[in-house]
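# Breakdown of the fold
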Amino acid sequence: MGPFSEFCCSSILRAGYPSFCVWVLVRVAGLILLISLTRPISHPFYRCVECGFFLHKTCIDLPNQIRPVFHDHPLTLLPSAPHDNGTFECSLCSNNCHGFVYACEECKNFYADVRCASIPLNIRHPGHDHRLSFTRIHNYNSYCYSCSSKDAYLFKCNECPFDIDYRCATLPSTARYWDHEHPLVLTYHTNDDGSDAYYCDICEKKRDPKHWYYYCAQCEYAGHPICALVNVDHFRGFQKHLVISSYINILSS
């Protein structure tokens, strides 16, 4: 197959797609805004030559309905949340999202970002040495190792006491904060410099040395994830304040 391949979009037609679109497969990298996940798009992706609609190939291949282990009812793929502005809070990672969503037609208030809904049940994460398995906890009595928050949806280690929630499992590996010249790298262990307290260089408040944080080793510049990722809610990821450099590649075991 060459760098471009045209085909009729009727084979991938979904609600919300213009019926007259002709799609072109493009195998080049770029910073074109992705509609499905509203993140900078990577190759390969599809472009509509009529209206400029872009989609990852993996987004086109999403199933119309899933029966997930993290919810009691089937979830249906929608082009956007059924709200006026199309935004929603993901019920798994609690991030504000925009774009394709898996929605529960019975609950009316359960929405899963397609990225969270597509994570395998067993993953390997660069922040931990062992395999992690998805666990649904109904009594909220477990804490996320990365941020100490309680959550019903966790990835647990079967070999040691280590749990992380969806939000931390999907943190980007690197990010650019608008007021710092170098990329910030997601860091899992604080370098002990003998300080009595550790601070976030963005908000200038204390940070827990046990929690994950973003760090520039060249400048010794550290930041809370919530501070370093300001304005990177899924539906605002294209704003000029921050460009996500890359997302952690979570691998199924």
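Preceding this paragraph is the structure being described.
Note that this is a predicted model, so its numbers are computed, not measured.

All right, on to the overall build of the protein then. Of regular secondary structure, the protein possesses four helices and 22 strands. Contacts in the protein between residues at least 24 apart in sequence constitute 48% of all its contacts with a sequence separation of at least 6.

Moving on, we come to the side chain of His182. Summarising the element assignment, His182 is placed in the loop between strand S15 (172-175) and strand S16 (184-187). With a relative accessible area of 15%, His182 lands in the buried category. Not counting residues up to four positions away in its chain, the partners in contact with His182 are Arg176, Cys216, Gln218 and Cys219.

Counted by the stated rule, this structure contains three salt bridges. Of the charged contacts, one joins Arg115 and Asp113 as a salt bridge, the two residues approaching to 3.8 Å between their closest N and O atoms. For Arg115, a relative accessible area of 16% translates into the label buried. In this structure, Lys156 and Asp163 form a salt bridge, with 3.0 Å as the shortest nitrogen-oxygen distance. On the basis of relative accessibility, which here comes to 10%, the residue Asp163 falls in the buried class.

Our next topic: the packing of aromatic side chains. In this description, a pair of aromatic rings is defined by centroid distance and the angle of the planes. This structure, assessed with the given rule, holds eleven aromatic pairs. Ring geometry for Phe70 and Phe134: centres 6.5 Å apart, planes at 75 degrees, overall edge-to-face. Linking Phe70 in the loop between strand S5 (65-66) and strand S6 (75-78) with Phe134 in strand S12 (residues 132-136), this pair joins segments that are 64 residues apart in sequence. Residue Phe70 is classed as buried on the basis of its relative accessible area, which comes to 4%. Judged by centre distance (5.8 Å) and plane angle (50 degrees), the ring pair of Tyr177 and Trp178 falls under tilted. With relative accessibility at 10%, the residue Tyr177 sits in the buried group. According to the relative accessible area criterion, Trp178 is exposed, its value standing at 52%.

To continue, consider the pairing of strand S19 (residues 213-216). Of the two faces of S19, the one lined by Tyr213 and Tyr215 and the one lined by Tyr214 and Cys216 are each fully buried. With three bridges joining them, S16 and S19 adopt antiparallel strand pairing. Bridge assignment links Thr187 to a residue of S19, and that residue is Tyr213. Two strands pair when backbone bridges link them, and S19 and strand S20 (residues 221-223) are joined in this way by three bridges, in the antiparallel orientation. What sits directly across from Tyr215, in S20, is Ala222. Once S19 ends, the chain turns through four residues before running back antiparallel as S20, passing Glu220 with a positive phi of about 55 degrees.

Here is what the cut-offs are and how they apply
Residues numbered from 1 in each chain as written. Predicted model: local features only at pLDDT ≥ 70, side-chain atom pairs only at ≥ 80, totals over all residues. Heavy atoms only, no water. Helix = DSSP H or I, 4+ residues; strand = E, 2+ residues; numbered from the N terminus. Contact = heavy atoms within 4.5 Å. Buried < 20%, exposed > 50% of the residue type's maximum accessible area, 1.4 Å probe, protein only. Salt bridge = Lys/Arg side-chain N within 4 Å of Asp/Glu carboxyl O. Phe/Tyr/Trp six-rings, centres within 6.5 Å; stacked < 30°, edge-to-face > 60°. Pairing = 2+ DSSP bridges.

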